[in-house]
Amino acid sequence: MSTFLRRHVGSNEAEQKAMLQAVGVSSIEELIGKTIPEHIRLKGELNTSKAMTEQEYLAHIGELAAKNRIFRSYIGLGYNETIVPSVILRNVLENPGWYTAYTPYQAEISQGRLEALLNFQTMVLDLTRMEIANASLLDEATAAAEAMIMFYNARSRADVKEGRVRFFISEYAFPQTKDVIIGRAECLGIELVFGDPESFTPDSTFFGALIQYPDGFGRIKNIGKFIEESHNAGVKVVVAADIMSLVLLKSPGELGADAVVGSTQRFGVPMGYGGPHAAYFATREEFKRHIPGRIIGVSKDTDGNVALRMALQTREQHIKRDKATSNICTAQALLAVMAGMYVTYHGPQGLKEIATDIHQKTAFVAEELKRMGYTILGEQFFDTLWIELPSGLSTEQLKGIAEANRMNFRYLVNDKQLTLSIGEPTTEEDIRDLLYVFAELAREKTEENLEVDYKTVIAPAHLREDSFLTHEVFNSYHSESKMMRYLKRLENKDLSLVHSMIPLGSCTMKLNAASELIPITWPSFANLHPFAPLNQVEGYHEMLRQLEVDLCEATGFAAMSLQPNSGAQGEYAGLMVIRAYHESHGNFDRKVCLIPSSAHGTNPASAVMAGFEVVVTACDENGNIDIEDLRAKADQYKDRLGALMVTYPSTHGVFEEGIREITSIIHENGGQVYMDGANMNAQVGLTNPGNIGADVCHLNLHKTFAIPHGGGGPGMGPIGVAAHLAPFLPGSVMVKSGGENAIHAISAAPWGSALILLISYGYIKMLGSKGLRKSTENAILNANYIKARLQGHYNVLYTGKNDTVAHEMILDCREFKKTAEIEVADIAKRLIDFGFHAPTVSFPVAGTLMVEPTESEDKEELDRFCDAMIKIREEIREVESGKFDKENNLLKNAPHNADCIINLEWTYPYSPKEAAYPLPYLKEWKYWVPVRRIDNAFGDRNLICSCPSVESYTNLEPVS
């Protein structure tokens, strides 16, 4: 084993030998031979570079970092230089207790990050003055597109009948936002109209409108008038707002907006060459059933204590599937936590000081530029100036001087105009340097020790007068000691990979190695603007190009796009590429997408977003795709067949023998094969999507390639494609990228959340070809070992022809409902008492648990999990035998927290020891859950999605 492989794979050779013996095979080669069909196996090792040690990798990535050049960025366009408070950098971004947690579906073990996300929602609601906000979206551009789709889906029957299908977009919106919206609209039959908001006349053909505030050139306009006129015509308005500006400016909510979106990047999150950042999305109560993403809400637990949870979960894609509000099943949780904590740390007064400083420095620059003969084209501004050069001067000349002084501006196409945006870190020295550049161009002189004259020039009519961030959480933690302890207190409430394995099926919660993560905080990667000139980011692009090559090698594809910034975005991007390919051949009717009934819920939701008609195909009694049903439907729709979406190995945890026959059927009938890459952790180095006949596949880099889940984001979902699809890979209006006939952008930044691509790059470089293969082999071994250990206690629902599973398995728990009234959720909650996150509950089959251990877990940890599951089975038998009542037992009352054990008058028919210490290992170390079982129904009936006051708990109004 290479040094890093020994660190990444949990078990050593002796443990692996013991596990192989328990499985009943003599070698890992024998197990793989029994598990993966021979006809799809790769014939040799992957062609990747030799594995580096951790020290070699850090030296290598340091050399790439040195090739990037950090200029002072005044480009703006929604990406600003910021200051990350050190207490947040150290205690959140660099802390595995925060970044290795999973999405908070198991709310009881997620109370810390749920509170942090509730803070984020409250901050958004206060600054926008809206009524409901979600817990973040992927970026500002996709948030704006989601708002358009929300308005479109929320149209009344009369609106639909009248043909309200037009959506107005201000020509002064950010160009990357317009690009993403164009791509989204064309699939849904939405007609876009671009224009000047001041001359736009809304009418009954429009259902919605988007305006930027301040606009893309920095101007503050009276958007209230536009909103009022739009409302008079029945048109809903979404405002894309700079959240820092809202500290000073009147809120969009006060001005009548129906939705407000934007980025919280400048609240202490590095630019990262495009991301990841947390977008925000806020709207009115009337849209609460249409809002995309996740909403954190307040509820109560079994003992009546306040508890938090994700609200309105019936909108999740695995329930609504093709009828889902959106395909978004993730967020940018870790970045939302950072942004929320930035606001918590600074408080309302600190934010006002920061925002005022930014504006006043901008105002001073404006006055000095006017003195030199430059024209400022907007009278009212916050942090961005629209500048016209004096006669005889050009932006090309300015660019030369600026870059010689290591500065970047946004240059407009007419060679006479530019914009510049001031950020939080801009110092008085930076201002003097900036003015020197303009003075040199205009051959003017500047004072060497020029003092900044601080004054606000925003007209009183535009300034907000209301108080905000009044909740005590934003007014309590302004010293570093208090903030550090608050962050640690929240972290300690949650269960993450620092505590135990997280055996979530289809989620691949593997090790996120420290050496992979270290470079993401280096300024030479973190502080680069996504639209910086390419000659300033050569180190980044060397890494990106090599990552594309390595991912193509792992998938068997010809080309790769790194733009999609989540798995669901990858699905959508892949389908849009297929759509563009068909249309390039004149096949505009190929819009039928076949999807097996076992598919992940985002598959049908993504297909609908991409303009496809979903047709479901059956699975047989063994959980495999029913090939004859597929063949019949492919033949039935052969003239309209666009694609098949297939997960491999299947969502049931099996390598289906007929996969090549399946892909051939689709190709023979004119379709393309989209492979969902959720289960790539069972393929890398052993087989690949290209080898099975797929045409496109998305990769969850936050699963297979080691990017942390971050408590619910970030993630990355790049797509690999066969050669014939490469010309259609997504592009960008800001930076040349993508294919020759690129589809519109999927994400705001050309390379998505580029900063965290470093993690996957490091993962591949430190494992090398053999390490990648061995990781996959050990993932399969660990899953089969759990299967062997649990045999006789739980039935595994589906296996391959040789009675093995891939990297995950489904445990059938449905019989317990009949024999003991025990639901699968009861097992999930009882596992908390053993210190474990539950496996995936009731997906893809209701009443089951899907278990995926990953290669990073050692035999001792696997045994600990298996011991817990076996003990729980014994507890179920005690209910079945009548020892415990079906409604009053260890499982129904789980989880048991410390307060329950210590303070509750004990009336249960079992001892506190049985509740809290069911196995001996728990005496050495125990995770104490902070709350007991949460009442989901109560939380949905009484929807509160901001930090509540004490009084609010006594006056809860039901949700209609």
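The rules behind each value
- Each chain carries its own residue numbering, running from 1 in the direction its sequence is written.
- Owing to the predicted nature of the model, reporting of local features is limited to residues with pLDDT of at least 70; listing and counting of side-chain atom pairs is limited to 80 or more, with chain, interface and lining totals taken over all residues.
- Processing note: side-chain calculations cover all non-hydrogen atoms of the structure and skip hydrogens and water entirely.
- Two strands make a pair as long as DSSP finds a minimum of two bridges between them.
- The helix count covers DSSP runs of H or I at least four residues long, the strand count covers runs of E at least two residues long, and both are numbered beginning at the N terminus.
- UniProt positions are given in the numbering used here, feature names are shortened, and annotations may be inferred rather than shown by experiment.
- Should any heavy atoms of two residues lie within 4.5 Å, those residues are counted as being in contact.
- Orientation is described by lines fitted to C-alpha atoms, with helices fitted over the stretch in contact, and by angles between N-to-C directions that extend from 0 to 180 degrees.
- The buried label applies to any residue whose accessible area, calculated with a 1.4 Å probe on protein chains only, is under 20% of its type's maximum; exposed applies above 50%, and partly exposed to all values in between.
- For this analysis, a polar contact is any N or O atom pair within 3.5 Å, provided that within protein one partner can donate a hydrogen and the other can accept it, and provided that sequence-adjacent residues contribute only side-chain to side-chain pairs.
- Helix span, as expected, comes to 1.5 Å for every residue beyond the first.
- Each reported salt bridge corresponds to a side-chain nitrogen of Lys or Arg within 4 Å of a carboxyl oxygen of Asp or Glu.

1. Concerning the sheet that holds strand 12 (residues 384–388)
- Strand order across the open sheet formed by four strands is 11-12-15-14, with antiparallel pairing between neighbours. Across the chains shown, the open sheet's two edge strands, defined by having one partner strand only, are strand 11 (375–376) and strand 14 (410–411).
- Taken together, the two bridges between strand 14 and strand 15 (residues 417–421) define a ladder with antiparallel strand orientation. Bridge pairing in strand 15 places Tyr411 opposite Leu418.

2. A closer look at the UniProt feature "domain: Glycine cleavage system P-protein N-terminal" (unreviewed entry) in the protein
- UniProt annotation of "domain: Glycine cleavage system P-protein N-terminal" (unreviewed entry) refers to residues 6–438 and 476–735 when read in the numbering used here.
- The distance separating the terminal C-alpha atoms of residues 476–735 is 43 Å; by composition the span is 34% helix and 13% strand.

3. Some remarks on the sheet that holds strand 25 (residues 840–841)
- The four strands are arranged 23-24-26-25 in an open sheet whose pairing can be described as antiparallel. Each edge of the open sheet is held by one strand with a lone partner, namely strand 23 (795–796) and strand 25.
- Note that strand 24 (residues 809–812) and strand 26 (residues 848–851) share four bridges and pair antiparallel. When the sheet's bridge partners are listed, Asp812 is paired in strand 26 with Thr848.
- The strands that helix 25 (residues 754–790) touches are strand 23, strand 24 and strand 26; relative to strand 24, the one it contacts most, it runs at about 20°.

4. Regarding the environment of Trp98
- Relative to the elements of secondary structure, Trp98 occurs in helix 6 (residues 96–99).
- Overall, the relative accessible area of 3% leaves Trp98 in the buried class.
- At a separation of 3.3 Å, a polar atom in the side chain of Trp98 contacts the main-chain carbonyl oxygen of Asn91.

5. Observations regarding the side chain of Thr426
- As for its placement among the helices and strands, Thr426 is situated in the loop between strand 15 and helix 15 (428–442).
- Only 3.1 Å separates the side chain of Thr426 from the backbone oxygen of Gly423, close enough to count as a polar contact.
- Not counting residues within four places of it along the chain, the set of residues in contact with Thr426 comprises Tyr74, Lys361 and Ile431.

6. Thoughts on helix 20 (residues 567–584)
- With 18 residues, helix 20 extends 26 Å between its outermost C-alpha atoms, agreeing within 8% with the 26 Å of an ideal straight helix rising 1.5 Å per residue.
- Of all 18 residues in helix 20, 16 are buried; the element is thus mostly enclosed.
- Where helix 20 begins, the side chain of Ser566 points an oxygen toward the backbone nitrogen of Ala568, at a separation of 3.4 Å.
- Among the residues trailing helix 20, Gly586 stands out with phi positive, at a value near 80°.

7. A look at the pattern of salt bridges
- For the coordinates displayed, the defined rule picks out 54 salt bridges.
- Two residues, Glu583 and Arg579, come together in a salt bridge whose shortest N-O distance is 3.3 Å. Of the two residues, Glu583 and Arg579 both sit in helix 20, four residues apart, roughly one turn of that helix.
- Overall, the relative accessible area of 23% leaves Glu583 in the partly exposed class.
- Relative accessible area serves as the criterion here: at 10%, Arg579 is assigned to the buried category.

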